[in-house]
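The primary structure of each chain is shown beneath.
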Amino acid sequence: MGAEFQMNTQLSPGIQAMLPLLYAAWADRHLNLKEINALRKRAADLPFLNASDKEVLLVWSDPARPPARELFQQWHTMGRNAAEQLPADRKASLAELGVLLGHAAEGMAEDRREFWVAQLPALTEIEMGLGGVEEDTYRSLFPRYDQRKKLQESVRGATVDPAAIQRLLDGEHAETIARVKDILTGPGFNREKLPVKEDYREQVLRWAKALGQKGIGALSYPREYGGQNDMGAYAAAFETLAYHDLSLTIKFGVQFGLWGGAVYNLGTKKHHDAYLKDTGTLDLPGCFAMTETGHGSNVRGLETTAVYDPDTKELIVHSPSIAAGKEYIGNAMHSRMAAVFCQLIVNGESHGVHAVVVPVRDEEGMVLPGIRVEDNGYKLGLNGVDNGRLWFTRVRVPVANLLDRFGGITEDGRYESSIENPSRRFFTMLGTLVGGRVCVPRAGLSAAKSALAIAVRYGLRRRQFAADPLKAETIIMDYPNQQRRLIPLVAKAYATQFGLDYLLERYVNRSEEDMREIEAMAAGLKSYATWFTTAAIQECREATGGKGYLAENRFADLKADTDIFTTFEGDNTVLMQLLAKSLLADFQKSFREDGNFAVLKFLGRRVATIVTEQNPYTVRQTDRAHLESRDFYQYAFSFRSRRLTSTLAQRLRAFIKEGLSAYEAGLRCQTHMIEAAEAYVENLILEKSLERIDALAKDDPIRPLMQKVVALFALHTIEGHRGWYLESDYISGQKSKAIRKLVDKLCAELRPEAGALVNGFGIPDELLGAPIAL
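Criteria and thresholds
Residues numbered from 1 in each chain as written. Predicted model: local features only at pLDDT ≥ 70, side-chain atom pairs only at ≥ 80, totals over all residues. Heavy atoms only, no water. Helix = DSSP H or I, 4+ residues; strand = E, 2+ residues; numbered from the N terminus. Buried < 20%, exposed > 50% of the residue type's maximum accessible area, 1.4 Å probe, protein only. Contact = heavy atoms within 4.5 Å. Areas by Shrake-Rupley, 256 points an atom, 1.4 Å probe, with all protein chains shown as cover. Lys, Arg positive; Asp, Glu negative; His and termini not counted. Charge placed at Lys NZ, Arg CZ, Asp CG, Glu CD. Patch = residues over 30% accessible without salt bridge, like charges linked within 9 Å, V, L, I, M, F, W, Y side chains within 5 Å. Salt bridge = Lys/Arg side-chain N within 4 Å of Asp/Glu carboxyl O. Pairing = 2+ DSSP bridges. Axes fitted to C-alpha atoms, helices over the stretch in contact; angles between N-to-C directions. Disulfide = S-S within 2.5 Å. Parallel < 35°, antiparallel > 145°, perpendicular 65-115°, else oblique. Left-handed = near helix turned anticlockwise from the far one by under 90°. Nonpolar A, V, L, I, M, F, W, Y, C, P; charged D, E, K, R; others polar. Core = buried A, V, L, I, M, F, W, Y, C linked by side-chain atoms within 4.5 Å. 1 Å grid on protein atoms, 1.4 Å probe; cavity = no way out; pocket = protein on both sides within 12 Å on 5 of 7 lines; lining within 4 Å. Points joined across faces, edges and corners; volume = space filled by probe spheres on them. Polar contact = N/O pair within 3.5 Å; in protein donor to acceptor, adjacent residues only side chain to side chain. pLDDT = per-residue confidence, 0-100.

I'd like to hear about the overall build of the chain, residue by residue, with values.
Secondary structure assignment for the chain yields 32 helices and 11 strands. Taking all 774 residues of the chain together, 55% fall into the buried category. In the chain, the proportion of contacts linking residues at least 24 apart, taken out of those at least 6 apart, comes to 75%. For the chain, the computed accessible surface area is about 33300 Å², with 51% contributed by carbon and sulfur atoms. Distance between charge centroids for the chain: 4 Å, based on 95 positive and 99 negative side chains.

Laid out in structure tokens, this is it:
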């Protein structure tokens, strides 16, 4: 027992020991004969009460003189503060609380501990003499017990079993997810705070090696190299790791996804044979050296060169300037190999960016000649990842080290590629590496789910304020504002996962013809999901108040470690422009291919929208059945996506007609491009969420819950864009208000399901880790 809480020094230790019993007796503002007898007669012989104490007790047990509200509230506050010191794993008694208060009033003197423990039987007898304590009274005095009970009741009161929700989310990869969770909650994976980065990095390296030895790292590799040839299982493992430690997640991704993925996707059999098996077990640590100090998003502009020497049949890898150094390279301090992206120059001609395997360290871990490595040092987060800088000074490697799936050098020293167009070759090469953009948002979403689970579970336990000081305080999740802050985010997490699941499915089953579309989709979903992660974690931190600010409750790490997700694997702003350019290309292509028919189709759709969606009746329609109907929100999302893309095309065309270059016109429309990309992603997420619901059996109990969750996502999103819809004359002011009110109602209706929805994420308590959520 500790004495962290403040004691009232004006009350004697004896009286303080009686306060829990007095509070319970007076909880209904009335004393019966049994309670008077317990407080007066049975307490008369207590050795810790002096004559003055007994006089006070006589006054406070007079049924004709109930305590003033202020005094009663003082008893309550002192009792609750002390109850925080009692064990949380069992139901404590009023007698135990009295012993704690009495002992604490004497300063928790060690030589008085035995005396106070000896008073427990007598106080227990008085407690029993009160005739049983009301459950509400007990809960108001023991907040930790109340919080546990409230959380359990909330989940039990839901209409759907969280395990059934988890099965929906885990889908076909449930076995892999369960296996990774078993590893992470098993021996050797205990989380501990290691402030020194070198210690943290060594811990993360040990974890990554353990995963490699258990075959988790190689899941996406062919079976002959220790894998399962299952990219979907790899992605499921990656997102599950994010429930445990995000530095481990990124280290895992760099080693097995980026370095191993570069070898597998850009190399040929000779490279697979040489590197893949040892990469999958982490016996061969490697890194992915693409980004340069001077060129991050602009991969085409990389300065590092690989010049072919025909005399020795070697490639000379060189960093021509400080700015050409490879920057922020994960695994840089542990790697023996690097997949270095550089401009390939053969016979004086540049053939664009290619990847070359360059040894960085020997087997003893010593840096090799011509290699310069610097530690990036401490970062805002992810300090368990060994990021560093790399420079190469005319480092010679065999020409066989060129990852030559898409372009190589023949025996007679000529460059040769099956893809003649350099631009197409460049994008084909990058397209094979899009797996990072498929996986990163899934890990970010796992972090957001952790934050939401912590915040919602805390909200279902924590009480604050009461209409009547004699009654239990209000569960904060019952406040409409708390529901508004968290429940739409839970709904968005579900919808976003459905969108990301579709992206993963498309990527796993991709064909070459699909890759441009998948690349664009991955760019948009990665941006949208990681921006959501950042916003959701911040909202959850604020929604948990001061408790959320404590490091032990994990928001500090979740915020710091995911902040970079918005700018690595492609800066989100750049990626959204990439998606917008793809949308414009598709828009223009439809007109080129279909000619006048496309024009008529476009005009016909606009007329149909005006007639069916923008007529005076529909724009003012405010009944719930209409607003909650699929037709309304599907049409609204589709309208926003189509309109923003078509008006973007019109604006760009107008600027170019005025004489601006395509680049200058793009700059004028940059914010419009990002908004059009966002609308496309939201429309895609909604579409795939509805398809996921439609795939459920008609009598599946999850179905109505998911319908309401997705409806909340849709209406909350429309509400967020209400200014645009009002400007576009798609909804009236009255309809905008009706949407806002319906969002409030849906939040209230989903309040009883909130505990089940976050438990449905399937995050084990050992991985969730935050005391306020357990």
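Give a detailed account of a positive patch on the surface, specifying residues and quantitative values.
There is a patch of like positive charges on the surface, built from Arg722, Lys737, Arg740, Lys741 and Lys745. In terms of residues, the positive patch owes the most to one element, helix H30 (residues 733-750), which gives four residues. When its relative accessible area of 38% is taken as the criterion, arginine 740 is described as partly exposed.

Can you explain the sheet that holds strand S8 (residues 388-392)? Please cite residues and give values.
Spatially, three strands are ordered S4-S8-S7 in an open sheet, and the strand pairing comes out antiparallel. The open sheet has two edge strands, strand S4 (326-329) and strand S7 (371-375), and neither has a second partner. Neighbour-to-neighbour, the strand axes of the sheet open up by a mean angle of 20°, direction not taken into account. Sheet topology note: the S4/S8 ladder contains two bridges and is antiparallel. When the sheet's bridge partners are listed, isoleucine 329 is paired in S8 with glycine 388.

Describe the side chain of serine 446, naming the residues involved and giving the relevant values.
By the element assignment, serine 446 lies in helix H17 (residues 435-459). For serine 446, a relative accessible area of 1% gives the class buried. When residues no more than four places from it in sequence are discounted, the contact partners of serine 446 are Glu239, Ala242 and Tyr243.

Break down the state of the cysteines for me, citing the residues and quoting the values.
What we call a disulfide is simply a covalent bond connecting the sulfur atoms of a pair of cysteines. On inspection of all chains with the given rule, the structure shows zero disulfides. Just so you know, cysteine 342 is unpaired, no disulfide at all, and the nearest cysteine sulfur is the one on cysteine 287, 13 Å from it. Its relative accessible area of 1% is what places cysteine 342 among the buried residues.

Let's hear about the packing of helix H25 (residues 630-657) against helix H27 (residues 670-694): which residues, and what values?
Close contact between H25 and H27 brings their axes to 9 Å; oriented N to C, the two are set at 150°. It follows that H25 is roughly antiparallel to H27 by the angle criterion. Viewed along their axes, H25 and H27 form a crossing whose handedness is left-handed. For the contact of H25 with H27, the class distribution of residues is 11 nonpolar, seven polar and seven charged.

Describe the nonpolar core, and please don't skip the residues or the numbers.
Of all hydrophobic cores here, the largest spans 175 residues; its most connected members are Leu248, Phe341, Tyr494, Met706 and Phe761. Every residue in contact with leucine 248, bar those within four places of it in the chain, is listed here: Leu184, Phe189, Val204, Trp207, Ala208, Leu211 and Leu241. Within the second largest apolar cluster, 42 residues are counted, among which are Ala38, Leu49, Ala83 and Leu94.

Before we move on, can you summarise the layout of surface pockets with the specific residues and values?
Taken as a whole, the second largest pocket spans an internal volume of roughly 520 Å³. Of all the secondary-structure elements, those providing two or more residues to the lining of the second largest pocket are helix H12 (197-213) and helix H21 (555-562). Class assignment for the residues of the lining of the second largest pocket results in 12 nonpolar, five polar and nine charged.

Before we move on, can you summarise the pairing of strand S5 (residues 337-346) with the specific residues and values?
Buried residues dominate S5, accounting for nine of its 10 residues. Bridge analysis of strand S1 (residues 286-289) against S5 gives four bridges, and the strand direction is parallel. When the bridges of S5 are listed, alanine 289 appears paired with valine 340. Note that strand S2 (residues 305-309) and S5 share three bridges and pair parallel. Across the sheet, residue alanine 306 finds its bridge partner in S5, namely leucine 344. Inspection of the sheet shows S5 paired to strand S6 (residues 349-359) by nine bridges, in the antiparallel sense. Looking at S6, one finds that cysteine 342 is bridged to histidine 354. Between the antiparallel neighbours S5 and S6 lie two residues, among them asparagine 347 with a positive phi of about 55°.

Would you mind going over the environment of aspartate 561 in detail, with residue names and values included?
In this fold, aspartate 561 is placed in helix H21. Distance from aspartate 561 to leucine 19, taken between C-alpha atoms, is 46 Å for residues 542 residues apart in sequence. Beyond its immediate chain neighbours, meaning those up to four positions away, aspartate 561 contacts Leu246, Gly381 and Leu382. Side-chain polar atoms of aspartate 561 contact the backbone nitrogen of leucine 382, separated by 2.6 Å.

If you had to explain the confidence of the model for the chain to someone new, which residues and values would you point to?
Caution is warranted with low-pLDDT regions, since their predicted coordinates should not be read in detail. Here the chain averages 89 in pLDDT, and 91% of its residues register 70 or above. Across residues 1-8 the pLDDT falls below 50, and counting only partners more than four positions away or on other chains, this stretch makes 23 contacts in the model.

Describe in detail the side chain of lysine 197, supporting the description with residues and values.
Residue position: lysine 197 is located in helix H12. Classification of lysine 197 as buried rests on a relative accessible area of 10%. Setting aside anything within four residues of it in sequence, one finds lysine 197 in contact with Asp375, Gly377, Tyr378 and Asn383.

Quick rundown of the pairing of strand S9 (residues 395-398)? Include the residues and the values.
For a regular strand, side chains alternate in direction, first toward one face of the sheet and then toward the other. Here S9 shows one buried face, formed by Val395 and Val397, and one open face, formed by Arg396 and Pro398. Pairing geometry for strand S3 (residues 314-318) and S9, over four bridges, is antiparallel. For valine 317, the partnering residue across the bridge sits in S9 and is valine 395.

Requested: an account of the packing of helix H13 (residues 231-241) against helix H14 (residues 246-266), with residues and values cited.
One can describe the packing of H13 onto H14 by two numbers: an axis separation of 8 Å at closest approach and a directional angle of 155°. As judged from the angle between their axes, H13 and H14 are roughly antiparallel. Pair H13 / H14 crosses with right-handed handedness. For the pair H13 and H14, the contacting residues are Tyr234, Phe238 and Leu241 in the first and Leu248, Thr249, Phe252, Gly253, Phe256 and Gly257 in the second.

Describe in detail the pattern of salt bridges, supporting the description with residues and values.
Across all of its chains, the model carries 37 salt bridges by this definition. The partner of aspartate 386 in a salt bridge is lysine 251, with the nearest N and O atoms 2.6 Å apart. Of the two residues, aspartate 386 is situated in the loop between S7 and S8 and lysine 251 in helix H14; the sequence distance between them amounts to 135 residues. The shortest N-O distance in the salt bridge between lysine 708 and glutamate 749 comes to 2.9 Å. Of the two residues, lysine 708 is situated in helix H28 (residues 702-720) and glutamate 749 in helix H30; the sequence distance between them amounts to 41 residues. Take glutamate 749: its relative accessible area is 29%, and that puts it in the partly exposed class. In the salt-bridge network here, residues are joined through shared partners; they are Glu239, Arg442, Asp501 and Arg692.

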